[in-house]
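# Structure assessment
Chain residues, written in single-letter form:
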Amino acid sequence: MTLLLDEISVSVDGTALLRDLALTVGPRQIVGLIGPNGSGKTTALRCVYRALRPTGGVVRIDGRDLDRIPLRESARMIAALTQEGGSDLDFTVEEVVALGRTPHLRGNQALSAAERELCRRAMAQTEVSHLAGRGVLSLSGGERQRVLVARALVQEPQVLILDEPTNHLDLHHQLRLLSMLKGSGLTVLVTLHDLNLAASACDRLAVLSQGGLVTCGPPAEVLTEALLRDVFGVAASIVPHPLTGVPQVLYDLGSTPAAKGNPA
Ligand SMILES: Nc1ncnc2c1ncn2[C@@H]1O[C@H](COP(=O)(O)OP(=O)(O)OP(=O)(O)O)[C@@H](O)[C@H]1O
């Protein structure tokens, strides 16, 4: 499935949060949205998972205007792991994961045996099986995040939207999640702050700054010392990973300007 952000813009009260963002994520591709805080990454994702309607441009799924696709149908195609995801209700882990099947069910229809098996597999994949009977409100941040990943997986989407999915995850689970995404065969649009993970996981990186697209391309072309300096205000060295050749960013705290007022 191809996801196209066709020159989308978002304005709120006359302020442009996103300007003419054009981005394509092809079938089985992972595109990483990177950029400083407030650059518009979440705003762009919200337009895709329909929490926000762009004020200009169109989001297309396989050429179809997302706005014209019935909500129930788009909910079967697109799963989102959001920053505001989760519930304030103390459902069990098992129940939260099962909620991922909602767009596929009619009324109060119970899950089939195959769907229950799907839930079990997703919980095993995200290593939360041992938490199945626990209330989600009692979980740690990382455990809760993994439950929400399992919920997104049981939705069996073709497009997966993830907003900083590695938040709260320890290193093992960060790498496990990103390698699972790489092998998923899904169309994936993901925001990440960790540029080294983004370079390792993504086919292309799209860099946002102040609501506009700065550049988009393979990590080796996008991640340059000039870009880190100009967009992120960071002095860093880029070196190829010794095994994979993927660009990796090495930071030097001494070369990065300290915030005004900090004793430098
Ligand atoms: N409803 C709103 N009204 C006004 N401003 C908003 C609204 N929603 C978002 N913004 C602003 O739009 C800008 C982009 O926000 P967004 O959440 O998309 O940034 P982001 O790139 O995801 O940032 P972060 O890396 O901090 O998560 C921010 O300056 C934010 O304060």
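In this report, we go over the structure that sits alongside the text. Note that this is a predicted model, so its numbers are computed, not measured.

This part takes up the nonpolar core. Judged by nonpolar contacts, the single largest core of 53 residues is most densely connected at Val93, Val97, Val147, Leu160, Val188 and Leu223. Sorting elements by how many residues they give to this core places helix H5 (residues 141-154) first, with seven residues. Residue-level mapping places this core at the junction of two domains, with at least three residues from each of domain 1 (3-219) and domain 2 (224-264). Each residue touching Leu160, except ones within four places of it in the same chain, is listed here: Ala79, Ala152, Leu181, Leu186, Thr187, Val188 and Leu189. Of all hydrophobic cores here, the second largest spans 26 residues; its members include Leu3, Leu21, Leu66 and Ile69.

Our focus in this paragraph is the sheet that holds strand S4 (residues 56-61). With antiparallel pairing, four strands are arranged side by side in an open sheet as S2-S1-S4-S5. Across the chains shown, the open sheet's two edge strands, defined by having one partner strand only, are strand S2 (15-25) and strand S5 (64-65). Two strands pair when backbone bridges link them, and strand S1 (residues 3-12) and S2 are joined in this way by seven bridges, in the antiparallel orientation. Its bridge partner being in S2, Val10 is matched across the sheet by Leu18. Strands S1, S2 and S4 of the sheet are contacted by helix H1 (residues 41-48), whose axis makes an angle of about 115° with S1.

Conventions we followed
Residues numbered from 1 in each chain as written. Predicted model: local features only at pLDDT ≥ 70, side-chain atom pairs only at ≥ 80, totals over all residues. Heavy atoms only, no water. Core = buried A, V, L, I, M, F, W, Y, C linked by side-chain atoms within 4.5 Å. Buried < 20%, exposed > 50% of the residue type's maximum accessible area, 1.4 Å probe, protein only. Helix = DSSP H or I, 4+ residues; strand = E, 2+ residues; numbered from the N terminus. Domains from an automatic or database assignment. Contact = heavy atoms within 4.5 Å. Pairing = 2+ DSSP bridges. Axes fitted to C-alpha atoms, helices over the stretch in contact; angles between N-to-C directions.

The values reported here are purely geometric and, on their own, carry no functional implication.
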